Amino acid sequence: MRPGRLGAWTRGPGRLSGEAGAGAGRAVAGGRRGRDGGGPAALPAWVTKRPPPLLGDVRVGGSGGRGGQSPPPRAAASAAPFAEGGRMYGAAGPPARSASAPVVRSSRRPPASGVSFMNNQKQQKPTLSGQRFKTRKRDEKERFDPTQFQDCIIQGLTETGTDLEAVAKFLDASGAKLDYRRYAETLFDILVAGGMLAPGGTLADDMMRTDVCVFAAQEDLETMQAFAQVFNKLIRRYKYLEKGFEDEVKKLLLFLKGFSESERNKLAMLTGVLLANGTLNASILNSLYNENLVKEGVSAAFAVKLFKSWINEKDINAVAASLRKVSMDNRLMELFPANKQSVEHFTKYFTEAGLKELSEYVRNQQTIGARKELQKELQEQMSRGDPFKDIILYVKEEMKKNNIPEPVVIGIVWSSVMSTVEWNKKEELVAEQAIKHLKQYSPLLAAFTTQGQSELTLLLKIQEYCYDNIHFMKAFQKIVVLFYKAEVLSEEPILKWYKDAHVAKGKSVFLEQMKKFVEWLKNAEEESESEAEEGDGPSRNSAENEVYRLEKFGENVRAIDWWRPDTAENSVVQ
């Protein structure tokens, strides 16, 4: 067998012939001899462990050999097998191999009879199933250790000393290395009290302390303003500390009883400055309404220092606006016990403490509350149809009780009168309805226009109402004339309103409407003065003189469409 024949078997894709199989057997035998030292070099183990060729005709698939011809038959199957070294051979024994024949080392294993090469694939190694989860370093939770955090902050504050600029820079830089978000309460405890606070506001004896804090500083407003800048810079740099700082101040206010008087004063001044610059919200003052603090007078004393520093930074209007935003403008009297919650006591206490502006503000707030109650009660009495005599008596009692001036009361009465009826939507009918309704309530309105300022206030209220309710635009002049005839308004306030006391709302329309009536008032006034000087006219008292003037006015302006003396609304008052 030529060497090329065996090489063709080892490399080519053709079928394995019987001759090629015999050649392979000889190659195996040669390998055994080479390993024993009598021939060529020994073959590898995977070659020597191949299964021996089968006896008889070897076929793979159908046709084999070169050209697709069937290989020649081997020895008969009845021949006795020959065994050598544990391997089985045919009757002829192991095939001889030429000495010159080279040793062929094939990389393929001879296939079994009737099995295709395509099915002899290398099996994949088994792999582990599932998924490994690795815990990220950022997800690993550290042990909560505020003591270690406290030591780091106190050590840094001790190194900076009392220089608050250096303190602010240290706190700014430390935020990148220390966990401010997690230890915010500890941080603010240190900056305010010098160390971590135990429940009740006391400092633990075994804890480190620092003198670079609010409680160890001087008790003056300038020093507290400097500390406020430290807190302000810190919270601007680390915005997430804002909520934690508000919670800290609320906690400190609840611990006021555990602090000394000097410490409470410093905290009050600092809180007032922080409220003024917007670092804190006024809602933190809710902690001052704690029952124990109010009962022992701690809340009122603390509020005095707080409002002094707050008003010093801002004015009373800014303070009032901040209180109004959180609905605390009507709760300031709750700083005192229930038996002392009166305007008189509040005014006296804070006026003596040097806060007269705050006292006046609270008094005005109480007046506003009383005004709302007065208007509500007035509307109820009018809807029930109570006699005007009883209504007037009730209103005057409330004026005296709550110190409400008459110009304010006339505005309340006007609003109550106009809210007791459902007005017609048609402009041509609403004026007549208004005249009829207001004529009925003229005695009630006249009872609270005994002052010139009250009459002017009523005129302004009428102007604003007619402007805000467009259906009343043409009824303004009729209402004013009606009130003039009913002695609710006098000529001096009307002339003053026409000249310079009116407001901008509908000014051009209303002034044009009142032009004829104002001219008549001026002429009638001049005639009255001249008649009084000359003594030509008959002697009349003031009421008769007024009737006479109105009759004259009716004669002069009968051609004007809005003056109709034949109607009940525009008839002369007798």
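Look a little higher up for the structure.
The following paragraphs examine the structure supplied in this document. Note that the coordinates shown come from a computational prediction; the quantities given were computed from them, not determined experimentally.

Conventions we followed
Residues numbered from 1 in each chain as written. Predicted model: local features only at pLDDT ≥ 70, side-chain atom pairs only at ≥ 80, totals over all residues. Heavy atoms only, no water. Salt bridge = Lys/Arg side-chain N within 4 Å of Asp/Glu carboxyl O. Helix = DSSP H or I, 4+ residues; strand = E, 2+ residues; numbered from the N terminus. Buried < 20%, exposed > 50% of the residue type's maximum accessible area, 1.4 Å probe, protein only. Axes fitted to C-alpha atoms, helices over the stretch in contact; angles between N-to-C directions. Parallel < 35°, antiparallel > 145°, perpendicular 65-115°, else oblique. Left-handed = near helix turned anticlockwise from the far one by under 90°. Contact = heavy atoms within 4.5 Å. Nonpolar A, V, L, I, M, F, W, Y, C, P; charged D, E, K, R; others polar. Core = buried A, V, L, I, M, F, W, Y, C linked by side-chain atoms within 4.5 Å.

1. Let's talk about the pattern of salt bridges
- The full count for this structure, using the stated rule, is 10 salt bridges.
- Residue Arg 237 is joined to Asp 172 by a salt bridge in which the shortest nitrogen-to-oxygen separation is 3.1 Å. Here Arg 237, found in helix H7 (residues 221–237), pairs with Asp 172, found in helix H5 (residues 164–174); they are 65 residues apart in sequence, far enough to count as distant.
- According to the relative accessible area criterion, Arg 237 is partly exposed, its value standing at 46%.
- Asp 189 is paired through a salt bridge with Lys 251; the nearest N and O atoms lie 3.0 Å apart. Taken together, the positions of Asp 189 in helix H6 (residues 184–193) and Lys 251 in helix H8 (residues 241–254) put the pair 62 residues apart, joining distant regions of the chain.
- Sharing partners across several salt bridges, the network here consists of Glu 185, Asp 189, Glu 248 and Lys 251.

2. Considering the packing of H5 against H7
- Packing of H5 against H7 brings their axes to within 10 Å, and their N-to-C directions diverge by 20°. Compared by their axis directions, H5 and H7 come out roughly parallel. In terms of crossing hand, the pair formed by H5 and H7 is right-handed. Contacts between H5 and H7 involve Leu 164, Glu 165, Val 167, Ala 168, Leu 171 and Asp 172 from the former and Ala 226, Phe 227, Val 230, Lys 233, Leu 234 and Arg 237 from the latter.
- Among the residues making up the contact of H5 with H7, the classes are represented as 8 nonpolar, no polar and 4 charged.

3. Quick word on unusual backbone geometry
- In this model, Asn 403 sits at a positive phi of 55°, which is unusual for a non-glycine residue.
- Relative to the assigned elements, Asn 403 resides in the loop between helix H15 (388–402) and helix H16 (406–418).
- Overall, Asn 403 belongs to the exposed group, its relative accessible area being 55%.
- Of note in the backbone geometry, Glu 487 takes a positive phi value of approximately 60° without being a glycine.
- Here Glu 487 lies in the loop between helix H19 (476–485) and helix H20 (491–501).
- Judged by its relative accessible area of 57%, Glu 487 is exposed.

4. A word on the nonpolar core
- Formed by 79 residues in total, the largest nonpolar core has its most connected members in Phe 307 and Trp 310.
- Among residues more than four places away in sequence, those in contact with Phe 307 are Val 319, Leu 323, Leu 332, Leu 355 and Leu 358.
- Counting residues in each nonpolar core, the second largest holds 58 residues, with Val 417, Met 473, Val 480 and Ala 501 among its members.

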